[in-house]
Each structure stands twice: as structure tokens, then as C-alpha cells.
Amino acid sequence: MQTNGTVVDSPAALAVALASVVAVLYLAAIAYAIVQIARTRDLSEVEKALWMIAVVFAPLLGALVWYLAGPHPFGLRLTHKVR
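Only a predicted model underlies this, so the values are computations on that prediction, with no experimental measurement involved.

### A short note on the overall build of the protein
Stage number 1. The helix and strand inventory of the protein stands at three helices and two strands.
Stage number 2. Sorting the 83 residues of the protein into buried and exposed places 20% on the buried side.
Stage number 3. The contacts of the protein with a sequence gap of at least 6 include a subset with a gap of at least 24, amounting to 51%.

### Some details on the pattern of salt bridges
Close approach of charged atoms allows side chains of opposite charge to pair.
Stage number 1. The tally for this structure, following the rule as stated, stands at one salt bridge.
Stage number 2. Among the ionic pairs, Lys48 bridges to Glu45, the shortest N-O distance being 3.9 Å. Remark: Glu45 and Lys48 occur in helix α2 (residues 45–57); sequence separation between them is three residues, near one turn of the helix.
Stage number 3. For Glu45, a relative accessible area of 54% gives the class exposed.

### Brief notes about the packing of helix α1 (residues 11–39) against helix α3 (residues 59–69)
Helix packing geometry: the angle between the two helix axes and the distance between the axes.
Stage number 1. It is the contact of α1 with α3, at a shortest axis distance of 10 Å, that shows an interaxial angle of 55°. What the angle tells us is that α1 and α3 run oblique. The crossing of α1 and α3 is left-handed. Facing Tyr26, Ala29, Ile30, Tyr32, Ala33, Gln36 and Ile37 of α1, the residues of α3 in contact are Pro59, Leu60, Ala63, Trp66 and Tyr67.

### Some words on the UniProt feature "transmembrane region" (unreviewed entry) in the protein
Stage number 1. Taken from the UniProt record, the annotation "transmembrane region" (unreviewed entry) applies to residues 12–37 and 49–69.
Stage number 2. Its end C-alpha atoms 17 Å apart, residues 49–69 is made of 95% helix and 0% strand.

### Some points on α2
Because each turn of an α-helix spans 3.6 residues, side chains separated by three or four positions in sequence point in the same direction.
Stage number 1. Its 13 residues place the ends of α2 18 Å apart at the C-alpha level, agreeing with the 18 Å of an ideal helix rising 1.5 Å per residue.
Stage number 2. Residues of α2 that are buried include every one of Glu47, Lys48, Trp51 and Val55, and no others. Down the axis of α2, the buried set is contained in an arc of 100°. They therefore lie on one face. Structural note: α2 exposes Glu45, Val46 and Phe57 on the side pointing more than 90 degrees away from its buried face.
Stage number 3. On its buried face, α2 sits against α1 and α3.

Calculation criteria
Residues numbered from 1 in each chain as written. Predicted model: local features only at pLDDT ≥ 70, side-chain atom pairs only at ≥ 80, totals over all residues. Heavy atoms only, no water. Helix = DSSP H or I, 4+ residues; strand = E, 2+ residues; numbered from the N terminus. Buried < 20%, exposed > 50% of the residue type's maximum accessible area, 1.4 Å probe, protein only. Contact = heavy atoms within 4.5 Å. Salt bridge = Lys/Arg side-chain N within 4 Å of Asp/Glu carboxyl O. Axes fitted to C-alpha atoms, helices over the stretch in contact; angles between N-to-C directions. Parallel < 35°, antiparallel > 145°, perpendicular 65-115°, else oblique. Left-handed = near helix turned anticlockwise from the far one by under 90°. UniProt positions renumbered as here; feature names shortened; annotations may be inferred. Expected span 1.5 Å × (residues − 1). Arc of directions from axis to C-beta.

Set out below in C-alpha cells:
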């Protein structure tokens, strides 16, 4: 193993760096989903709260459903009031 300053040239260091980048992107995607949920005018306050709970407690599934299916997946709504 060679070191030159603060850089360590090893597979473990590369793995840690890659995992760090993936973790930051993962957290950014979750934060972005929460911001988009909060900004969506098509949702009631209860629906926003449920979406945020889904994203926080099941981040991968909640965020994927939000990104792929939108605020009302399969046409499901908690209220009949449409804004």
C-alpha cells in the first residue's frame, strides 16, 4: 500500500469513496422527494404527511413510487376534493 499525502491507493479506499458518493446521492434523492411532496398543490395536508412518512420510513420504496407513479399512484386519493 502506498500513501502520498492523504490519498491511499487501495481497493478499500476506492470502495469507501464510492459508497460515500452513493450515500450522498441517495440522501439527496430522498430530500428532493420530500421537497417535491411539500410543494405539490394537488395533495391535501394528510396526503402530504403520509407521503413524507412513506419516504422517511421506507425511503427506497417511497421515493421510487413517488418518482415513478406521482402523487396519486393508480388514481388513489384520500379525499374527493380536487383543487
